[in-house]
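Given next are the chains, with one letter for each unit.
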Amino acid sequence: STRNCPCKMNHLPAKSPLASPVSEGVNSRVEALDNLSMDSFWLEVENIKQSAEAEQEECNLADVKTQEEGEAEAEWLQDAGLSELLGDRGSDGDNLVLLSTLTRTQTAAVQRRLDTYSRSRRRKNKHPVRHVRDIFGVVNPEETGAEKEESSPDPLWHNLRTANTQRKTQDYSCTVRNPGKEEVFNMDVAYSEQAAVLLKGSFLPESRKLKDGNALTKFKIPKGRLGVTRIGDLSAQDMKKIPTLALIELTALCDILGFELKRNKAAKLKTTEKRLFGVPLNTLLENDQKLLPNTKVPLLLQALLSCLEKRGLETEGILRVSGSQTRIKSLEQKLEREFYTGLFRWDEVHQNDVSGLLKRFIRELPAPLLTAEYLPAFAAVQNIPDLKQRLQALNLLILILPEPNRNTLKALLEFLSKVVARENNNKMNLWNVSTVMAPNLFMHKGLPNKIPEGKEKQLAEGAADVVRMMIHYQDLLWTVSSFLVAQVRKLNESNSKRYQFCDKRIKNLLRKIHADKDKVEKNQAEPSKIVKVHASLLLKDSLEVHLNNATRVADVLRQFQKNLCQNGWNIVNTVNLLKCNNSVEGTNLLLYEVGGNIGEHCLDPDTYLLDLYHINPHAEWIIKQNPSYPRMF
């Protein structure tokens, strides 16, 4: 049925020749899905096809032009915040700061793309671009780009490439490692560095057979001394730096694993006169924020999810059983007229029709929810044989997503988790939900559809598996890795110091950065410290806290509560703070790190504050009330 569908699965990027051994692992893993029915997937595809045909939509609206050599690398460098390396020698301050924060594997990823772009420019007889060896002051007179165009100047990449080639003969057996046992998910060290260590030591990544949701491996993020940072804990200013760093890290990880990271160009789509369906997320949010400031998820989507949560979670086959296409189209038109007036009666709509509207809303977005640029990358995650590394790639992809897309996706996944939690009543387990939602997320009328003959089943199952991972592991995926937070701190430190660049600016910059790092390490020898914690929105007084190696955020919040209740402090605002019997609800209070090398950072209760002080001695610590939102938006 899919061969004639006008909205077939989108083309997935071809794998690099280095990745050929992985296909064995992928095929074995996909074979393990044979016992998991794909009927729901193909039924959903057929429903989408019928809906498109009924409206006589032209689904293949845009074609992605084949990029010339070097174009993809130039776009990557621009998206990675390194556009100035494409030829402008006069204003590379921001590039230098960013490059100074990169790990070795991340630097190798940048270098590979600069080398490819340089070769393409030389072939076109254009002005040469900056070379990464110039940026870091590394010069090898025996090997220049013109003399050895096809070789990699970085020994790390050469070793990784050799190791990947040698692994072609090794067997990728898909075994379940420690089934049911909780495993550690390390976020302190860059994922690409972890992969490089495994590769260097010839530790094969172990794939896990896909079984029912209950058999999926459990992962635990070990809390270091600085705690765990979730998406939403960082200020908007700092979060803007994360996608750039995540893109560089994802590219480095794919290089290590032997996968080619391909991205689509954003398609230019027709504008619509509608107000709800087929409207870009940014436009929807701009309109909604005029009614409700700080709205982060479209109000229509919130209404659809709320209606289904109230009346649809117990409905057997919810999401799978399609509502009437005629009624759904009529309801869409009615919503366009009445939604913002408040006259629309949700209690009169059948649950299956609401689920149809939900899926239609996602499909009708002018650009895919996972974005046109990175939809192929999300789909290609299935080709990584090791589950932990698949999750690492997904974590980085989610961090790369624009904020509106990421918030909307999170709201959807939270709802899907609630559907799975009611499996006993609605008969929709994790795999059922994943197979139904995968076509709605991975099929899009605005992108080209090129599926290799005979690959439909493999691609469909892989897409469903990616959705399943996003639903099941969403708490892990919405975490900002500690190594990325550390890189943000380095960026802020370097920018705030405003280093002066001269003829030898590269060496001076790096020497200054390392000298400052040594000063911080010396300060870490302090066994204790007395600091002030502010709560200006709650109290006129500040709290003096004696820090030692055992003092955590939770301890400071408890001390604050104790003083608030016993010492009769001058309270500025008691709304929602004081509860019955003059006690303070601890979950209503949060401690923030503000300033220094961070914009604003909501701290994990298990953060050890003396360690944090040594990392950021110039920050202020402020206690605030926890915004009481039902969701993360």
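In this convention, every chain numbers its residues from 1, walking through the sequence in written order. Given that this is a predicted model, residues contribute local features only at a pLDDT of at least 70 and side-chain atom pairs are listed and counted only at 80 or more, while totals for whole chains, interfaces and linings are drawn from all residues. Water and hydrogen atoms play no part in the side-chain values, which are based on all heavy atoms of the structure.

Student: Account for helix α12 (residues 299–311), naming residues and giving values.
Tutor: Secondary structure elements follow DSSP: runs of H or I no shorter than four residues count as helices, runs of E no shorter than two count as strands, and numbering proceeds from the N terminus. By definition here, a helix of n residues has an expected span of 1.5 Å times n minus one. The first and last C-alpha atoms of α12 sit 18 Å apart over 13 residues, in line with the 18 Å expected at 1.5 Å per residue. Burial classification: accessible surface area is computed with a 1.4 Å probe over protein chains only, and a residue below 20% of its type maximum counts as buried, one above 50% as exposed, and the rest as partly exposed. Considered for burial, the residues of α12 that qualify are Leu 299, Leu 300, Leu 301, Ala 303, Leu 304, Leu 305, Cys 307 and Leu 308. On its buried face, α12 sits against α11 (281–291), α13 (325–338), α14 (351–363) and α17 (403–421). Whether two residues are in contact is decided by their heavy atoms, any of which lying within 4.5 Å being enough.

Student: Please provide a residue-by-residue account of the packing of aromatic side chains, values included.
Tutor: Aromatic rings from Phe, Tyr and Trp, taking only the six-membered ring of Trp, are treated as a pair when their centres fall within 6.5 Å; an angle between ring planes under 30 degrees marks them as stacked, one over 60 as edge-to-face, and anything in between as tilted. Under the counting rule described, the total for this entry stands at eight aromatic pairs. Residues Phe 185 and Tyr 191 carry aromatic rings whose centres are separated by 6.0 Å and whose planes lie at 75° to one another, so their mutual orientation is edge-to-face. Given a relative accessible area of 0%, Phe 185 falls into the buried group. The buried category is assigned to Tyr 191, whose relative accessible area is 0%. Between Phe 185 and Phe 219, the ring centres sit 5.8 Å apart and the planes meet at 80°, which makes this aromatic pair edge-to-face. Taken together, the positions of Phe 185 in the loop between β1 (182–184) and α8 (191–200) and Phe 219 in strand β2 (residues 218–220) put the pair 34 residues apart, joining distant regions of the chain. Against the face of Trp 76 rests Arg 113, its NZ or CZ located 5.5 Å from the ring centre. The criterion is that NZ of a Lys, or CZ of an Arg, lies within 6 Å of the ring centre and within 35 degrees of the ring normal, and then a charge sits over that ring.

Student: Residues and numbers for unusual backbone geometry, please.
Tutor: At Asn 294, a position not held by glycine, the phi torsion is positive, near 70°. The topology assignment puts Asn 294 in the loop between α11 and α12.

Student: Got a sec to walk through the sheet that holds strand β6 (residues 543–547)? Specific residues and values, please.
Tutor: Following DSSP output, two strands are said to pair if at least two bridges run between them. One open sheet accounts for five strands, arranged β6-β5-β9-β7-β8; its pairing is mixed. Pairing within the sheet leaves two strands with one partner each, and these edge strands are β6 and β8 (598–602). Averaged over all pairs of adjacent strands, the angle between their axes in this sheet comes to 30°, without regard to strand direction. In this sheet, β6 lies alongside strand β5 (residues 529–534) in antiparallel orientation, the contact comprising five bridges. Looking at the pairing, Lys 532 lines up with Glu 544 of β6. In this analysis, axes come from line fits to C-alpha atoms, helices being fitted only over the stretch in contact, and the angle between any two N-to-C directions falls in the range 0 to 180 degrees.

Student: So what about the environment of Leu 394? Which residues, and what values?
Tutor: Inspection of the secondary structure puts Leu 394 in helix α16 (residues 387–400). By relative accessible area, which is 0% here, Leu 394 ends up buried. Those residues in contact with Leu 394 that sit more than four places away from it in its chain are Phe 378, Val 381, Val 466, Met 469, Met 470 and Leu 477.

Student: I'd like a description of the pattern of salt bridges, backed by residues and values.
Tutor: A side-chain nitrogen of Lys or Arg and a carboxyl oxygen of Asp or Glu constitute a salt bridge if their distance falls within 4 Å. Applying the stated criterion to the full structure yields 22 salt bridges. For Arg 225, the salt bridge is made with Asp 611, and the minimal N-O distance between the two is 3.0 Å. Of the two residues, Arg 225 sits in the loop between β2 and β3 (229–230) while Asp 611 sits in helix α25 (residues 609–615), which places them 386 residues apart along the sequence. A relative accessible area of 23% means that Asp 611 is categorised as partly exposed. With its nearest N and O atoms 2.5 Å apart, the salt bridge here joins Asp 555 to Arg 558. On the criterion of helical spacing, the pair formed by Asp 555 and Arg 558 is a turn pair, its members being three residues apart in helix α24 (residues 553–566). Note on Asp 555: relative accessible area 26%, which makes it partly exposed. For Arg 558, a relative accessible area of 46% corresponds to the partly exposed category.

Student: Any details on the environment of Thr 105? Residues and values, ideally.
Tutor: In this fold, Thr 105 is placed in helix α5 (residues 104–123). Owing to a relative accessible area of 3%, Thr 105 belongs among the buried residues under this scheme. A C-alpha to C-alpha distance of 6.3 Å links Thr 105 and Ser 192, two positions 87 residues apart in sequence. As used in this structure description, the phrase polar contact means that two N or O atoms lie within 3.5 Å; if the pair is within protein, one of them must be able to donate a hydrogen and the other to accept it, and residues adjacent in sequence are counted only when both atoms belong to side chains. Within the structure, the side chain of Thr 105 is placed 3.2 Å from the side chain of Thr 103, a separation counted as a polar contact.

Student: For the pairing of strand β7 (residues 589–595), give the residues involved together with the corresponding values.
Tutor: Of all seven residues in β7, six are buried, a share of seventy percent or more. With six bridges connecting them, β7 and strand β9 (residues 620–625) associate as antiparallel partners. The residue bridging Leu 590 from the neighbouring strand is Lys 624, located in β9. Sheet analysis places β7 next to β8, joined by four bridges and oriented antiparallel. For Val 594, the partnering residue across the bridge sits in β8 and is Glu 600. Hairpin connection from β7 to β8: two residues lie between these consecutive antiparallel strands, with Gly 596 at a positive phi of about 75°.

Student: Hey, could you go over the packing of α5 against α8 for me, with residue numbers and the actual values?
Tutor: α8 packs onto α5 with a crossing angle of 100° between their chain directions and a minimal axis gap of 8 Å. Classified by the angle their axes make, α5 and α8 are roughly perpendicular. Packed against α5, whose contacting residues are Arg 104, Thr 105 and Gln 106, the element α8 presents Ser 192, Glu 193 and Ala 196 at the interface. We call two directions roughly parallel when the angle between them is under 35 degrees, roughly antiparallel when it is over 145, roughly perpendicular when it lies between 65 and 115, and oblique otherwise.

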